[in-house]
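Residue-level structural notes
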Amino acid sequence: MKRSVILNVNRIARTVEVEPRSLLVHVLRDDLNLTGTHIGCDTSQCGACTVLIDGQAVKSCTQLAVQVEGMDITTIEGLAPSGALHPMQNAFWEKHGLQCGFCTPGMIMTAVDFLGSNPDPTDDEIRHAIEGNYCRCTGYQNIVLAIRTAAEVMRAQSAAGQPTSEPAGESTQRSPLPAAEPAGAGV
Amino acid sequence: MIPTSFEYVRAGSMREALAAIAGAEGVKVIAGGHSLLPVMKFRLAQPARLIDISRIAELKGITPRGKGARIGAGVTYREILESEILQERFPILHEVTHTIGDLQVRNRGTIGGSLAHADPASDMPSVMLALDATINLRSKRGKRAVRAREFFKGAFVTELAEDELITDIIVPSLPPGAGTSYTSFEQAASGYAIVGASAVIARKRGTISHAVLALNGVGEMAFLVPGADSLVGARGEAAELDRVAGGAADGIEITGDIHAPADYRRHLTAVIARRALDTALQRAR
Ligand SMILES: Cc1cc2nc3c(=O)[nH]c(=O)nc-3n(C[C@H](O)[C@H](O)[C@H](O)COP(=O)(O)OP(=O)(O)OC[C@H]3O[C@@H](n4cnc5c(N)ncnc54)[C@H](O)[C@@H]3O)c2cc1C
Ligand code: FES
Ligand code: FES
């Protein structure tokens, strides 16, 4: 039986009708049309479906939508609400951290969570952090480079007291997430 | 892949959760869901009702207990990694947790879920054996404390009754100056241990005064190696460690599967047990 659940997705409260067995990834993609979150393996291995739940990276194919009721969910779309890329997205672009791009949204969400608790990682730490994200194209070299580059940019921005991403404003938050979007905007 | 239909109830308190699982058929509790949901997606489990215990405050938190610690059953691996108390008192918990799954799995998986699930390959059970942890259980009928050493009964089988929940885990203090190590050989894709070994060693004036070795991944459940006792009174010379590691799986029916045939696992057991003993000994002060 379906029930009504409120999900805070990319800082907007969305009401969805879901069965208890509905997986978060399906609700995001099929009900909310947020198709940036991908399904690679469907068996908790590949990380393509990674989103942030209360700031922590989670494989959304291994999570029921009802479990995260009321929690803050951030998908790849939520990293660039006004269209200006997050420093992590920029770094993947500039450093060629992708080829086909299928793994990229999940890779980026994991990396954003990781840098939140380790802003100045070694390459070994970066590799350990993305062990739950498979890339079948790049060989990982440029992904590691992109994450290291994003870390440098984000450290510099936070030292300069700038928010890490658009929309630019007087926000002083140090979180790797962008500042809040006005309620009701977007999608 | 989606699970079969079920009813979902989020428990707000221990009382609610215990009432919901008492005497009911087809009920399962869900914590992080990182063992249960994959099994449900494959439809190997088809519960009629899921009781979500992940937001129960009583199951949370890591607190000092004398010189030991209390870890709530609902504590995630991430919280273990971020805990200063555990880092300082039980570095082996940090070491083992670092090897479990991946960043996303560690954000969601809980220690209580891992112990209740009792996957023979899971990493945490042998550490609980080596630390001589006590697992606290509760049902509507009452509370009981079970030593980890009596908790595991077989592959995916534990002492937990159908109407019981794990509430917390008590880890007693280590002997002063003890060195610890969790060493594993992982299955490359999943990160689960093909063989994992937990060792705790303390010494006094050059002589070993405390020695415990426990293994996971080798047989149908994690187990304590009885022979490790014989190191007490020894000096920890190579031949002594070789003997204990070499005989670590004696009398155990060794698992063979697509990742490692039994012969290879037997070989790995000796190698990994030896490394764990060596590392713990080196870390002992
Ligand atoms: C991709 C992936 C990789 C993994 N790699 C590893 C690894 O390398 N090593 C490893 O050890 N594990 C690994 N795991 C398993 C993971 O560690 C476990 O899933 C997790 O610890 C279980 O906790 P949970 O909260 O997710 O439990 P759930 O899935 O919610 O529950 C598991 C079982 O325990 C029961 N349960 C949960 N909490 C309680 C409680 N408090 N009292 C009584 N019963 C309870 C549930 O009813 C269920 O039967 C991996 C999992 C995934 C998905
Ligand atoms: S689709 Fe979720 S981990 Fe692969
Ligand atoms: S870029 Fe193709 S899978 Fe990573």
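Residues numbered from 1 in each chain as written. Chains lettered and ligands numbered in written order. Predicted model: local features only at pLDDT ≥ 70, side-chain atom pairs only at ≥ 80, totals over all residues. Heavy atoms only, no water.

1. Quick word on the overall build of chain A
The criterion, for reference: Numbered from the N terminus, helices here are DSSP runs of H or I no shorter than four residues, and strands are runs of E no shorter than two. Note on exposure labels: buried denotes an accessible area under 20% of the residue type's maximum, exposed denotes more than 50%, and partly exposed covers the range between, all computed with a 1.4 Å probe on protein chains only. Residue contacts are defined here by distance: any two heavy atoms, one from each residue, within 4.5 Å place the two residues in contact. Residue-level accessible areas treat just the shown protein chains as cover; the underlying method is Shrake-Rupley with a 1.4 Å probe.
Counting its secondary structure elements, chain A contains five helices and five strands. Shown N-terminal to C-terminal, the secondary structure of chain A runs as helices and strands in the order β-β-α-β-β-β-α-α-α-α. Taken across its 187 residues, chain A has 52% of its residues classed as buried. In chain A, the proportion of contacts linking residues at least 24 apart, taken out of those at least 6 apart, comes to 57%. Surface accessibility of chain A: about 8,000 Å² in total, with carbon and sulfur atoms responsible for 49%.

2. Structural notes on the interface of chain B and chain A
Quite often, the size of an interface is put as the accessible area lost when its parts meet. Threshold: Note: buried area is the sum, over both parts, of the accessible area (probe 1.4 Å) each one loses when the two are combined. Throughout this description, the term salt bridge denotes a Lys or Arg side-chain nitrogen within 4 Å of a carboxyl oxygen of Asp or Glu. Contacts described as polar in this section are N or O atom pairs within 3.5 Å, which, within protein, must combine one atom able to donate a hydrogen with one able to accept it, while residues neighboring in sequence count only if both atoms come from side chains.
Between chain B and chain A, the contact holds 33 residues from the first and 36 residues from the second. Carbon and sulfur atoms supply 49% of the area buried between chain B and chain A, which totals about 2,700 Å² over both sides. Contact with chain A buries area across many residues of chain B, yet Tyr8(B), Gln104(B) and Arg108(B) alone supply 23% of it, more than any other trio. In this structure, the connection of chain B to chain A is made through five salt bridges. Between chain B and chain A we count 19 residue pairs in polar contact (both at pLDDT 80 or more) in total. Residue assignment for the side of chain B that touches chain A shows that the elements contributing at least two residues are strand 1 (7-10), helix 2 (36-41), strand 3 (49-52) and helix 6 (103-108) of chain B.

3. Quick word on the sheet that holds strand 7 (residues 142-147) of chain B
Strand pairing within a sheet occurs via backbone hydrogen bonds; the two strands may be parallel or antiparallel. Residues and elements named next belong to chain B. Counted only if it meets this: For two strands to be treated as a pair, DSSP must find at least two bridges joining them. Between N-to-C directions, angles cover 0 to 180 degrees, with each direction set by a line fitted to C-alpha atoms, over the stretch in contact for helices.
What the five strands build is an open sheet, ordered 4-5-10-6-7; its pairing is antiparallel. Looking along the sheet, the strands with just one partner apiece sit at the ends: strand 4 (62-65) and strand 7. Taking each pair of neighbouring strands and ignoring which way they run, the sheet shows an average axis angle of 25°. Summarising the sheet, strand 4 and strand 5 (residues 68-72) pair through four bridges and their orientation is antiparallel. Looking across to strand 5, one finds that Arg65 is bridged to Gly68. Of the strands in this sheet, strand 6 (134-139) and strand 10 (165-171) are in contact with helix 1 (residues 14-21), which crosses strand 10 at around 125°.

4. Concerning the domain arrangement of chain A
Residue and element names in this part refer to chain A. Quick reminder of the rule: The start and end points of each domain follow an automatic or database-based domain assignment.
Examined at the domain level, chain A breaks down into domain 1 (3-78) and domain 2 (87-159). One C-alpha centre belongs to domain 1, the other to domain 2; they are set 21 Å apart. Residue-level contacts link 18 residues of domain 1 with 13 residues of domain 2. Across the domain 1/domain 2 interface, buried area totals approximately 1,200 Å², and carbon plus sulfur atoms make up 63% of it. For the domain 1 face of the interface with domain 2, the top three residues by lost area are His38, Thr50 and Ile76, together amounting to 39%. Linking domain 1 with domain 2 are zero salt bridges, by the criterion used here.

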